[in-house]
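Residue-level listing of the chains:
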Amino acid sequence: MPIPYKTALIVGAGHGISAALARLLAAQGMTVGLAARDIGKLEKLSKETGAMLFSCDASRPDEVERLFADADARLGEPDVVVYNASRRLRGPISELDPEKVHAAIDVTAYGAFLVVKQAALRMEAKGRGAILLTGATASIKGFALSAPFAMGKFALRGLAQSAARELGPKGIHVSHFIIDGSVRSNSRPDDGRDAHLDPEDIARSYLDVLRQGRSAWSHEVELRPWLESF
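What you are looking at is a predicted structure, and each value in this text was computed from that prediction instead of being measured.

**Student:** When you look at the pairing of strand 5 (residues 129-136) in this model, what are you seeing that I'm missing?
**Tutor:** Both faces of the sheet carry side chains from a regular strand, because those side chains alternate between them. Most of strand 5 is tucked away: 8 of the 8 residues are buried. By the alternation rule, side chains of strand 5 split into Gly129, Ile131, Leu133 and Gly135 and Ala130, Leu132, Thr134 and Ala136, which are all buried. Regarding the hand of the β-α-β motif, the stretch spanning strand 4 (residues 80-83), helix 4 (residues 98-126) and strand 5 is right-handed. Where strand 5 and strand 6 (residues 172-179) come together, 8 bridges link them in parallel fashion. Looking across to strand 6, one finds that Gly135 is bridged to Ile178.

Here's what the structure looks like:
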C-alpha cells in the first residue's frame, strides 16, 4: 500500500531512528525536513537523502513557530510530523537540579506539545495528516535515578492519547511508539542475539503505520528486541 503523504518533518533528528526514517521516507519519494538544535551533525544525512535542514530548539515556542513557517515556505506544509526530541537527566531525586529537571521535561514533553500544536493547525485545515511521537520504556515504567526522563515520557504518552482522540475524527492519525529497549548504534553494535533494536526495523514500523487505512489506525505501537519479548 502506498504512503498517502508527500512531505515529512522530523523534529529532534539525529543519527539513529531519525536518520533511518529519513532515508526510508526519502526512498519512498517523500520530501523530508530535519530539525535539530545542531544541524551541523545532519549535513551528511542531508546530502544522502536530499533532506532540508532546519535549526530549532523544540522547547522554545517562538522557535517552533518559526520552524513551521520556514518549513511551509521551503518544504511545503508537512503532512507527516515526527517528534523524536528528548533529554535525559540522571541522578538521585534528592540531588537533582530543579532547573535541569525543568529543561529536560521541556524538551521531552513540552516541546512535543508545541510541535503537535503547529502540526494540528495545518492538518486540521486540510483534514488529513499524521503525527508520530517517539516514546521509550520510560513511557510506561519509571526507573531509579531516571525520574525526569520518566516524567517527560509519561507526559508525552498522555499527549499522544489526548491528541489521538481529539484529532483522529478530523482525519489526523496520531500514534505513539514505545521503543522498549536500547537501539543499535556504533556504541551498541549487533551482537547476533537481537539484544538491541535495529533503527532500520524501527523505521519500517513507522512506515507501516503511515500506510494504515483510517478504519484500523494504530494509536500506540510497542517495539522491543526479541530477547526482551518473553
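**Student:** Just to check I follow, could you spell out helix 4 for this structure?
**Tutor:** Note that an α-helix has 3.6 residues per turn; residues three or four places apart therefore point the same way. Spanning 29 residues, helix 4 covers 41 Å between terminal C-alpha atoms, matching the ideal 42 Å at 1.5 Å per step. Where helix 4 bends most, the angle comes to about 45°, and this point is Asp106. Regarding helix 4, its N-cap is Asp97, as a side-chain oxygen of that residue lies 2.9 Å from the backbone nitrogen of Glu99 further along.

**Student:** Explanation requested: the packing of aromatic side chains in the structure shown.
**Tutor:** Each aromatic ring pair is characterised by the separation of its centres together with the angle its planes make. One pass over the full model with this rule turns up 2 aromatic pairs. Ring centres of Tyr110 and Phe113 lie 6.3 Å apart, and the angle between their planes is 25°; on these two criteria the pair is classed as stacked. With Tyr110 and Phe113 both in helix 4 and 3 residues apart, the pair spans about one turn of that helix. Look at Tyr110 and you get partly exposed, because its relative accessible area is 35%. A cation over a ring is seen here: Arg74 above Phe54, with NZ or CZ 4.4 Å from the ring centre. Of note, Arg88 hangs over the ring of Phe149, and the distance from its end group to the ring centre comes to 4.0 Å.

**Student:** Sorry if this is basic, but what is going on with the sheet that holds strand 7 (residues 220-223) here?
**Tutor:** Within a sheet, neighbouring strands are paired by backbone hydrogen bonds and run either parallel or antiparallel to one another. Strand order in the open sheet formed by 7 strands is 3-2-1-4-5-6-7, with parallel pairing between adjacent strands. Sheet topology places strand 3 (52-55) and strand 7 at the edges, where each strand pairs with a single neighbour. Each strand axis lies, on average, 20° off the axis of its neighbour in the sheet, ignoring direction. As defined by bridge partners, strand 1 (residues 7-11) adjoins strand 2 (residues 31-36) across 5 bridges and the pair is classed as parallel. Paired with Ile10 across the strands is Leu34, a residue of strand 2. Of the strands in this sheet, strand 5, strand 6 and strand 7 are in contact with helix 5 (residues 147-167), which crosses strand 5 at around 155°.

**Student:** Explain the environment of Ala109 here, please?
**Tutor:** One can find Ala109 in helix 4. For the pair Ala109 and Ser86, spaced 23 residues apart in sequence, the C-alpha to C-alpha distance is 7.8 Å. In contact with Ala109, other than residues within four places in its own chain, are Gly152, Ala155 and Leu156.

**Student:** Any chance you could explain the pattern of salt bridges here in plain terms?
**Tutor:** Under the defined criterion, the tally for this structure stands at 13 salt bridges. Of the charged contacts in the structure, one is a salt bridge between Arg60 and Asp62, with a shortest N-O distance of 3.3 Å. Judged by relative accessible area, Arg60 falls into the partly exposed class, the value being 39%. One salt-bridge network, in which partners are shared between bridges, spans Arg23, Glu48 and Glu200.

**Student:** When you look at the environment of Arg204 in this model, what are you seeing that I'm missing?
**Tutor:** Here Arg204 is to be found in helix 6 (residues 199-210). When its relative accessible area of 41% is taken as the criterion, Arg204 is described as partly exposed. Along the sequence, Arg204 and Ala20 sit 184 residues apart, while their C-alpha atoms lie 8.7 Å from each other. Of the polar contacts made by the side chain of Arg204, one reaches the side chain of Asp201; its length is 2.4 Å.

**Student:** What exactly am I supposed to notice about the packing of helix 3 (residues 61-74) against helix 4 here?
**Tutor:** Axis angle and axis distance: for two packed helices, these are the angle between their axes and the distance between the axes, and together they describe the pair. Where helix 3 contacts helix 4, the two axes come as close as 10 Å, and the packing angle between them is 35°. Crossing angle aside, the handedness with which helix 3 passes helix 4 is right-handed. Where helix 3 abuts helix 4, its residues Pro61, Val64, Glu65, Phe68, Ala69 and Asp72 lie against Tyr110, Leu114, Val115, Gln118, Ala119 and Arg122. Its residues placed into classes, the contact of helix 3 with helix 4 shows 8 nonpolar, 1 polar and 3 charged.

The rules behind the values
- Residues numbered from 1 in each chain as written.
- Predicted model: local features only at pLDDT ≥ 70, side-chain atom pairs only at ≥ 80, totals over all residues.
- Heavy atoms only, no water.
- Buried < 20%, exposed > 50% of the residue type's maximum accessible area, 1.4 Å probe, protein only.
- Helix = DSSP H or I, 4+ residues; strand = E, 2+ residues; numbered from the N terminus.
- Right-handed = clockwise from strand over helix to strand, strands pointing away.
- Pairing = 2+ DSSP bridges.
- Expected span 1.5 Å × (residues − 1).
- Bend = angle between axes of the 7 residues up to and from the residue.
- Polar contact = N/O pair within 3.5 Å; in protein donor to acceptor, adjacent residues only side chain to side chain.
- Phe/Tyr/Trp six-rings, centres within 6.5 Å; stacked < 30°, edge-to-face > 60°.
- Lys NZ or Arg CZ within 6 Å of the ring centre and 35° of its normal.
- Axes fitted to C-alpha atoms, helices over the stretch in contact; angles between N-to-C directions.
- Contact = heavy atoms within 4.5 Å.
- Salt bridge = Lys/Arg side-chain N within 4 Å of Asp/Glu carboxyl O.
- Left-handed = near helix turned anticlockwise from the far one by under 90°.
- Nonpolar A, V, L, I, M, F, W, Y, C, P; charged D, E, K, R; others polar.

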